[in-house]
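In case you want the letters, here they are:
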Amino acid sequence: MMDKTQFTQAVLDVEPTLYRVAKSMLRNETLCADAAQQAILLAWERLPSLRAPRYFKTWLTRILINECNTLLRQQQRFSPYEPSEAELVPAPVREDYSDLYAALAALEEKYRLPVVLYYLEGFKTREIASLLEIPVGTVKSRLNTARGMLRKTLEGECFA
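Residue numbers run consecutively from 1 along every chain, following the written order of its sequence. The predicted origin of the model limits local features to residues at a pLDDT of at least 70 and limits the giving and counting of side-chain atom pairs to 80 or more, whereas totals for whole chains, interfaces and linings rest on all residues. By convention in this description, side-chain values take in all heavy atoms of the structure and omit both hydrogens and water.

**What to know about the overall build of the chain**
- A count of helices and strands for the chain gives eight helices and zero strands.
- Tracing the chain from N to C terminus, the helices and strands come up as α-α-α-α-α-α-α-α.
- Here the term buried applies to any residue with accessible area under 20% of the maximum for its type, exposed to any over 50%, and partly exposed to those in between, with areas from a 1.4 Å probe on protein chains only. Of all 160 residues assigned to the chain, the portion counted as buried reaches 38%.
- Throughout, a residue-residue contact means that at least one pair of heavy atoms, one from each residue, lies within 4.5 Å. Look at the contacts in the chain between residues 6 or more apart in sequence, and 68% of them connect residues 24 or more apart.
- Residue burial considers only the protein chains on display, and all accessible areas are found by Shrake-Rupley using a 1.4 Å probe. Accessible surface, the chain: about 10300 Å² in total, of which carbon and sulfur atoms supply 54%. Numbering goes from the N terminus for both helices and strands, where a helix is a DSSP run of H or I of at least four residues and a strand is a run of E of at least two.

Pasting the structure below:
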């Protein structure tokens, strides 16, 4: 079992992943921070349930996804969300990939999240299936569909 120092280091190692996954689901800086903090707190409380420390990243990412889904449900139930002007402006990204990130942000979550997990975070399709609680074939299908949608969007921008 991990001690406090090992847990802290493991969290610091996966912090960028937590942010990108939360951002791809919530699209709101404040909610992203809330979800990440809550996921880390829950992970600390549930640390004895972690079977093998080598799966910490996958385990914590699943906790984060659950927390993001909880926040999304609460948000829908309590009030319609009106994004502020600042949130409508995309976060600064490297110039050479801005079209790709804009196209990715435009995808529905069911396509965007597998793409983020697979291409940006390096999870295997089997791990993504476990994280999202869907069959591996569905993950592969969504990745394929998302690639097609991204290709169509980006090719349309190149010739516009």
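**Comments concerning the nonpolar core**
- Ranked by internal contacts, the top residues of the largest apolar core, which has 45 residues, are Leu 26, Phe 56, Leu 60, Leu 64, Ile 65 and Leu 117.
- When residues of this core are traced back to their parent elements, those giving at least two are helix H1 (4-26), helix H2 (29-45), helix H3 (56-78), helix H5 (98-106), helix H6 (109-120), helix H7 (125-132) and helix H8 (136-158).
- Beyond its immediate sequence surroundings of up to four residues, Leu 60 is in contact with Val 11, Val 14, Leu 18, Ala 39, Ile 40 and Ala 43. Working definition of a nonpolar core: buried Ala, Val, Leu, Ile, Met, Phe, Trp, Tyr and Cys residues. They are joined through side-chain atoms within 4.5 Å.

**Focus on the side chain of Arg 62**
- Secondary-structure assignment places Arg 62 in helix H3.
- Filtering out sequence-adjacent residues up to four positions away, Arg 62 remains in contact with Asn 69, Ser 130, Leu 131, Leu 132 and Glu 133.

**Some points on the packing of aromatic side chains**
- Note on ring pairs: Phe, Tyr and Trp rings are taken, using the six-membered ring of Trp, and paired if centres are within 6.5 Å. Classes follow the plane angle, with under 30 degrees stacked, over 60 edge-to-face and the rest tilted. Using the criterion set out here, one finds four aromatic pairs in the structure.
- Site record: aromatic cluster; members linked through ring pairs are Phe 7, Trp 44, Phe 56 and Trp 59.
- Across the ring face of Phe 123, the terminal group of Lys 57 is positioned such that the distance to the ring centre comes to 5.1 Å. We call a charge positioned over a ring when the NZ of a Lys or the CZ of an Arg lies within 6 Å of the ring centre and within 35 degrees of the ring normal.

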